[in-house]
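# Architecture and fold: a report
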Amino acid sequence: MSRGILSKMIEEIGETQAEVRAEDYTMVNVRPGEKVASMLDLVSALSGKTPSAVVAEEISSRLAAYAASSATHAGAILDAAEEALKQNQMLQPGCALDILQKADVIELENGFEKQIRDKLFAPKEESKRNAHE
């Protein structure tokens, strides 16, 4: 292979990975009026966070509160948690699911915790059989 072909392949792989990452996110542009922008700047300065972080935090907390407000949302919460864990193996700090987890609305278990739980609480017959192997 010549250097040109290899470079082109590496570039295409990089572009493909960038496209996949871009599909996971949605960009929203908001241009608030002067009063809202001033208020947002003030809250941002007082909290020490960027305006986008302030807005994202508020949206996440409102979404978590809405999701926890009714048992009918349980399926959607579990589906979202499952999808988030498939993609990242953990929840993003400050996201609605992270807020729900910290509030003990949902409980997540990683693979290591599951293995320990399964070994500690395995049925006695299965424990004896595994001990003999």
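Description of the structure in this document.

This part is about the overall build of the protein chain. Assigned secondary structure in the protein chain consists of seven helices and zero strands. Taken across its 133 residues, the protein chain has 13% of its residues classed as buried. When contacts within the protein chain are restricted to residue pairs at least 6 apart in sequence, those whose partners lie at least 24 apart make up 32%. Entry remark: accessible area of the protein chain is about 11,500 Å², with carbon and sulfur atoms responsible for 58%.

This next bit is on helix α4 (residues 74-88). Between its first and last C-alpha, α4 extends 21 Å over 15 residues, near the 21 Å set by a 1.5 Å rise per residue. For α4, the full list of buried residues reads I77, A81 and A84. For α4, the angular spread of the buried residues around the axis is 70 degrees, confining them to a single face. Set apart from the buried face of α4 by more than 90 degrees, the exposed residues are A76, L78, D79 and K86. Its buried side turned inward, α4 meets α3 (51-68) and α5 (96-102).

A positive phi is found at D104, a non-glycine position, where the angle reads about 60 degrees. As for its placement among the helices and strands, D104 is situated in the loop between α5 and α6 (111-120).

Side-chain pairs of opposite charge can arise where the charged atoms are in close proximity. Evaluated as defined, the whole model comprises three salt bridges. A salt bridge links E58 to R62, with the shortest nitrogen-to-oxygen separation between them at 2.7 Å. Of the two residues, E58 and R62 both sit in helix α3, four residues apart, roughly one turn of that helix. What makes E58 partly exposed here is its relative accessible area of 40%. K102 serves as the salt-bridge partner of D98, at 3.2 Å between the closest nitrogen and oxygen. Of the two residues, D98 and K102 are both situated in helix α5; the distance of four residues between them amounts to about one turn of the helix. Residue D98 is classed as buried on the basis of its relative accessible area, which comes to 9%. Owing to a relative accessible area of 63%, K102 belongs among the exposed residues under this scheme.

Thresholds, definitions, all that
- Residues numbered from 1 in each chain as written.
- Predicted model: local features only at pLDDT ≥ 70, side-chain atom pairs only at ≥ 80, totals over all residues.
- Heavy atoms only, no water.
- Helix = DSSP H or I, 4+ residues; strand = E, 2+ residues; numbered from the N terminus.
- Buried < 20%, exposed > 50% of the residue type's maximum accessible area, 1.4 Å probe, protein only.
- Contact = heavy atoms within 4.5 Å.
- Areas by Shrake-Rupley, 256 points an atom, 1.4 Å probe, with all protein chains shown as cover.
- Expected span 1.5 Å × (residues − 1).
- Arc of directions from axis to C-beta.
- Salt bridge = Lys/Arg side-chain N within 4 Å of Asp/Glu carboxyl O.

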